[in-house]
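Close look at the chain arrangement
Next come the chains, spelled out residue by residue.
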Amino acid sequence: MSTHQDLSEGRNRRHFVRIAAAFTATAALPIILRDNAVAAGRHSDPELCEPLCLLRGAQVQTWRGDVPVEALERGDRVQTDAGAFKTVKWIGRKVYRRAPGAAWPASVDPVRIMRSAIEPGVPSRDLFISPEHALFLSGNLIPVKHLINGITIAQGVHDSDVIEYFHVECEAHEVIFAEGVAVETLRVTTSYEAFGNFAEHARLFGDKQVQMESYAPVLGYWSARDDAIALLRQAASMCVDMRDPIQIAYDRLADRARLMVRSGGLSSPALHA
């Protein structure tokens, strides 16, 4: 048997296995999935041991123009997705340091959203945010870590030994704009103590925790079961589109990354699966 025939038969066997897996997944999904989308309607319950913040230098849209997040002050008014300007209640800060040459933990290492990664001119320039920070896309809040494609949305590209994160708090959970990207404001569900300036918050507002309703559903893969369901959806989508909103958002942004590579000016490493 020729090498060409061996490769052809091997490819055909792999193709058959993939199709069989897809049909199996399609049949199993109605039984496994009792909701119509991953974490649809659920809200995150973020522990502040992991940052959900904007990196120093991110420009936030305010009533007085774009302002670096570290220069925002209490009483400033920020533009919101709802169309109104909302007052900044407080700015949380958190500083991380590493030994020279050491690697940043994945939970801390900033994610870079390249200029125009979302759509033309959005972001208006490269935006760095923490992996857990959520973008507002198609009516949902999606942590950016789920959208990393290795080209236009990438991690491991920040080489400083100091990371300084800032998080904007309003009276309610809002969606504001950083470099033109719709991102969430602070929604604390536990405490403020992970912030370096938490004592300032306690001095200003006391120790009482205010529970905020989420501006929109926060989607994510919160468990191994969620990861498995996402893989089943992906396999089933070979036959019929059963992607969840995170996968749809990822694919749209990955397609845009490919378009940007084809149009020139970007390198083209393999997109993350």
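Residues numbered from 1 in each chain as written. Predicted model: local features only at pLDDT ≥ 70, side-chain atom pairs only at ≥ 80, totals over all residues. Heavy atoms only, no water.

Glycine aside, residues mostly have negative phi, and peptide bonds are mostly found in the trans state. Going from Val122 to Pro123, the amide bond is cis rather than trans, its omega being -5°. Along the chain, the position of Pro123 falls in the loop between strand E7 (111-113) and strand E8 (127-129). In the Ramachandran plot, Ser116 falls in the positive-phi region, its phi being about 70° despite a non-glycine side chain. Relative to the elements of secondary structure, Ser116 occurs in the loop between E7 and E8. The backbone phi angle of Ser138 is positive, close to 55°, even though this residue is not glycine. Judged by relative accessible area, which is 77%, Ser138 ranks as exposed. (Helix = DSSP H or I, 4+ residues; strand = E, 2+ residues; numbered from the N terminus. Buried < 20%, exposed > 50% of the residue type's maximum accessible area, 1.4 Å probe, protein only.)

It is worth spelling out the environment of Arg256 at this point. Counting through the fold element by element, Arg256 comes out in helix H4 (residues 245-262). With residues near it in sequence (within four places) discarded, Arg256 still touches Ser116, Ala117, Ile118, Glu119 and Pro120. (Contact = heavy atoms within 4.5 Å.)

Glancing now at the pairing of strand E14 (residues 181-184). Burial along E14 is two-sided: the face carrying Val181 and Val183 and the face carrying Ala182 and Glu184 are both buried. Looking at chain direction, strand E13 (residues 175-178) and E14 are connected through 4 bridges and run antiparallel. Each bridged residue has a counterpart across the sheet, and for Ala178 the counterpart in E14 is Val181. (Pairing = 2+ DSSP bridges.)

Before going further, it helps to spend a moment on the pattern of salt bridges. Counted by the stated rule, this structure contains 10 salt bridges. Note that Arg64 and Asp76 form a salt bridge whose closest N and O atoms lie 2.8 Å from each other. Separated by 12 residues along the polypeptide, Arg64 in the loop between strand E2 (59-62) and strand E3 (65-68) and Asp76 in the loop between E3 and strand E4 (77-79) bring together distant segments of the chain. Looking at Arg64, the relative accessible area reads 43%, which means it is partly exposed. Given a relative accessible area of 7%, Asp76 falls into the buried group. (Salt bridge = Lys/Arg side-chain N within 4 Å of Asp/Glu carboxyl O.)

On to the environment of Ala58. Secondary-structure assignment places Ala58 in the loop between strand E1 (54-55) and E2. Accessibility expressed as a relative area gives 5% for Ala58, which makes it buried. Ala58 sits 120 residues away from Ala178 along the chain, and the two C-alpha atoms are 6.2 Å apart. For Ala58, the contacting residues outside a window of four places in its chain are Val67, Pro68, Val69, Leu127 and Glu179.

This prediction gives the protein chain a mean pLDDT of 83; 78% of its residues lie at or above 70. In the predicted structure, residues 2-26 sits below a pLDDT of 50 and forms 15 contacts with residues beyond four places in sequence or in another chain. (pLDDT = per-residue confidence, 0-100.)

Position of Gln247 relative to the elements: it lies in helix H4. For Gln247, the side chain forms a polar contact with the main-chain oxygen of Ala230, separated by 2.8 Å. Among all residues touching Gln247, those that are not within four sequence positions of it are Tyr221, Ala230, Arg233 and Gln234. (Polar contact = N/O pair within 3.5 Å; in protein donor to acceptor, adjacent residues only side chain to side chain.)

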